[in-house]
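In case you want the letters, here they are:
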Amino acid sequence: MGYRRLLLKLSGEALMGEGTHGIDPGVTGRLAAEIHEQVSRGIQIGLVIGGGNLLRGAGLASDGMNRVTGDHMGMLATVINALAMQDALTQAGSDCRVMSALTMQQVCEPYSARQAIEHLAAGRVVIFAAGTGNPFFTTDSAASLRAIEIGADIMLKATKVNGVYSADPMTSPDATLFDFISYDEALQKKLGVMDATALVLCSEHNMPLRVFNVFEHGQLERIVAGEAIGTLVSKEKQAT
């Protein structure tokens, strides 16, 4: 096995499937099955899920809503996605806990790094909801922070493309796919890997990041086994 403990970052949009909003149970079921397969092999997996399939706080703020209010609404959207994913994982056969940075004990546990590590060590999937619990921080930043706090071997960012490109592959057919790029280069070129805060956190704590296509079945298994899927972002190519 290539890794023992990892943090998987899913965008909220990944849960939509072919839809334009909401949650596709078929998608959550497929993702849960792939995650459960790895957990059943002894891999410890934490999850952070965005909320963009339901709403975005920054988008609401651009339309005139108070940014803090909008961001808190966005955090609640991530809790909804986390609960949906918890249900899918439970149905797949995995023991799962949702831990929220906002206190809502009727539906999920309050976040504690120590308790999260205990859950992971016990073979449970842990879903980290509500971002960092603070406005003005993205779920990418939350994922980087949680990966560092739980001592993950690597952070995986699941996207709708095959990795990090020199330009947007949706609009630039000649865009080049990187197999490796350093944190500094990703920041300097503003490639949109993650927001700057998230990348700086990873860089300062030497947390390797691998970006891959979540819609290609079997990618997670191959990454866990140590294959060079997608794009590695780290200080050195040998970080894996």
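Residues numbered from 1 in each chain as written. Predicted model: local features only at pLDDT ≥ 70, side-chain atom pairs only at ≥ 80, totals over all residues. Heavy atoms only, no water.

### Quick notes on the pattern of salt bridges
Here the idea is simple: oppositely charged side chains can pair when their charged atoms come close. To keep it simple, the criterion reads: Between Lys or Arg on one side and Asp or Glu on the other, a salt bridge is scored when a side-chain nitrogen of the former is within 4 Å of a carboxyl oxygen of the latter. Only DSSP runs of H or I reaching four residues or more are called helices, and only runs of E reaching two or more are called strands; each is numbered from the N terminus. Think of it in three bands: with a 1.4 Å probe and only protein chains considered, a residue is buried below 20% of the maximum accessible area for its type, exposed above 50%, and partly exposed in between.
One pass over the structure, following the stated rule, counts twelve salt bridges. The partner of D95 in a salt bridge is R124, and the shortest N-O contact between them spans 3.0 Å. Within this pair, whereas D95 is found in the loop between α3 (67–92) and β3 (96–100), its partner R124 is found in the loop between α4 (113–121) and β5 (125–129), the two being separated by 29 residues in sequence. Given a relative accessible area of 37%, D95 falls into the partly exposed group. Under the relative-accessibility criterion, R124 is labelled partly exposed at 22%. In this structure, the salt-bridge partner of E109 is R97, at a minimum N-O distance of 3.5 Å. With a gap of twelve residues between them, E109 in strand β4 (residues 109–110) and R97 in strand β3 connect regions that are remote in the sequence. Connected through shared salt-bridge partners, D95, R97, E109 and R124 make up one network.

### Thoughts on helix α1 (residues 25–39)
This is how the line gets drawn: Given the number of residues in a helix, its expected span is that number minus one, multiplied by 1.5 Å. In what follows, residue pairs with any heavy atoms lying within 4.5 Å of each other are defined as contacts. Throughout this description, a polar contact denotes any pair of N or O atoms lying within 3.5 Å of each other; where both atoms belong to protein, one of them has to be capable of donating a hydrogen while the other can accept it, and for residues adjacent in sequence the pair is counted only when both atoms sit in side chains.
A rise of 1.5 Å per residue sets the reference length of α1, with its 15 residues, at 21 Å; its end C-alpha atoms lie 20 Å apart and thus fit the reference within 8%. Of the surrounding elements, those touching the buried residues of α1 are β1 (5–10), β2 (44–49), α3, β5 and α8 (219–224). With a side-chain oxygen positioned 2.8 Å from the backbone nitrogen of G26, the residue opening α1 is D24.

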